[in-house]
Amino acid sequence: MPIATDDRYNTLEKSMKKLGYDKSGLIEILHTAQETFGYLSIDTLKFIAQRLKLPYSKVYGVATFYNFFRLKPKGRHNVVVCLGTACYIKGSNKILEKIEERFGIKAGETTSDEALSLLTARCFGSCSLAPVMVCDDVIKGKVSLENPLCEIEEMIK
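As the structure is a prediction and not an experimental result, all values here were calculated from the model.

Trainee: Describe the overall build of the protein chain, listing the residues and the values that go with them.
Mentor: Helix and strand counts for the protein chain stand at seven helices and five strands. For the protein chain, the succession of helices and strands along the chain, N to C, is α-α-α-α-β-α-α-β-β-β-β-α. With the C-alpha coordinates aligned to their principal axes, the bounding extent of the protein chain is approximately 50 × 30 × 25 Å. Burial statistics for the protein chain: of 157 residues in total, 41% are counted as buried.

Trainee: Tell me about the packing of aromatic side chains, and please be specific about residues and values.
Mentor: As enumerated under the stated definition, the model contains five aromatic pairs in all. Relative to Y66, the ring of F65 lies with its centre 4.9 Å away and its plane at 90 degrees, an arrangement referred to as edge-to-face. Among the aromatic residues, those joined into a cluster by ring pairs are Y9, F37 and F47. It is R102 that lies over the ring of F103; its NZ or CZ is 4.6 Å from the centre.

Trainee: With reference to specific residues and values, describe unusual backbone geometry.
Mentor: Negative phi is the rule for most residues except glycine; trans is the rule for most peptide bonds. Here the residue pair A130 and P131 is connected by a cis peptide bond, since its omega of -10 degrees sits within 30 degrees of zero. Along the chain, P131 turns up in the loop between β3 (116-121) and β4 (133-135). Despite not being glycine, E114 shows a phi value in the positive range, around 60 degrees. Along the chain, the position of E114 falls in the loop between β2 (109-110) and β3. Positive phi is not limited to glycine here, since D137 has a value of about 70 degrees. With respect to the helices and strands, the residue D137 is situated in the loop between β4 and β5 (138-140). The exposed category is assigned to D137, whose relative accessible area is 75%.

Scoring rules and cut-offs
Residues numbered from 1 in each chain as written. Predicted model: local features only at pLDDT ≥ 70, side-chain atom pairs only at ≥ 80, totals over all residues. Heavy atoms only, no water. Helix = DSSP H or I, 4+ residues; strand = E, 2+ residues; numbered from the N terminus. Buried < 20%, exposed > 50% of the residue type's maximum accessible area, 1.4 Å probe, protein only. Phe/Tyr/Trp six-rings, centres within 6.5 Å; stacked < 30°, edge-to-face > 60°. Lys NZ or Arg CZ within 6 Å of the ring centre and 35° of its normal.

In structure tokens, the structure reads:
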């Protein structure tokens, strides 16, 4: 979709104008772009780089450095598997592998039908419930190797 006909770019432009097109506002502008578009596309990153008079490589580098930013659309449902120490010791890596195998995606990817995005995190602060995964913002604790697939399949129906 051309930038000129997409009102979301007007929203982004207003945000940059409010910050005086200041390069130091890059992270805030990236946040605004992600909230507006749902993710940061190449076109959006190039638009930001051009308007802030920054090299594209700088904007792309910041967007890929921070885990919060997504360069691909998010699925309708999201699963985040904790890989923190307590969860990892209790088998979260095996749970992640099982989910990856079942849905044919790796952590950080979305299924081709955009039904499911699979992510990882370092810690949710719920170590007493290890291993933990979050399904559409609902914490699931003491996840066993047998039950994550059933819960995910039920969620994406």
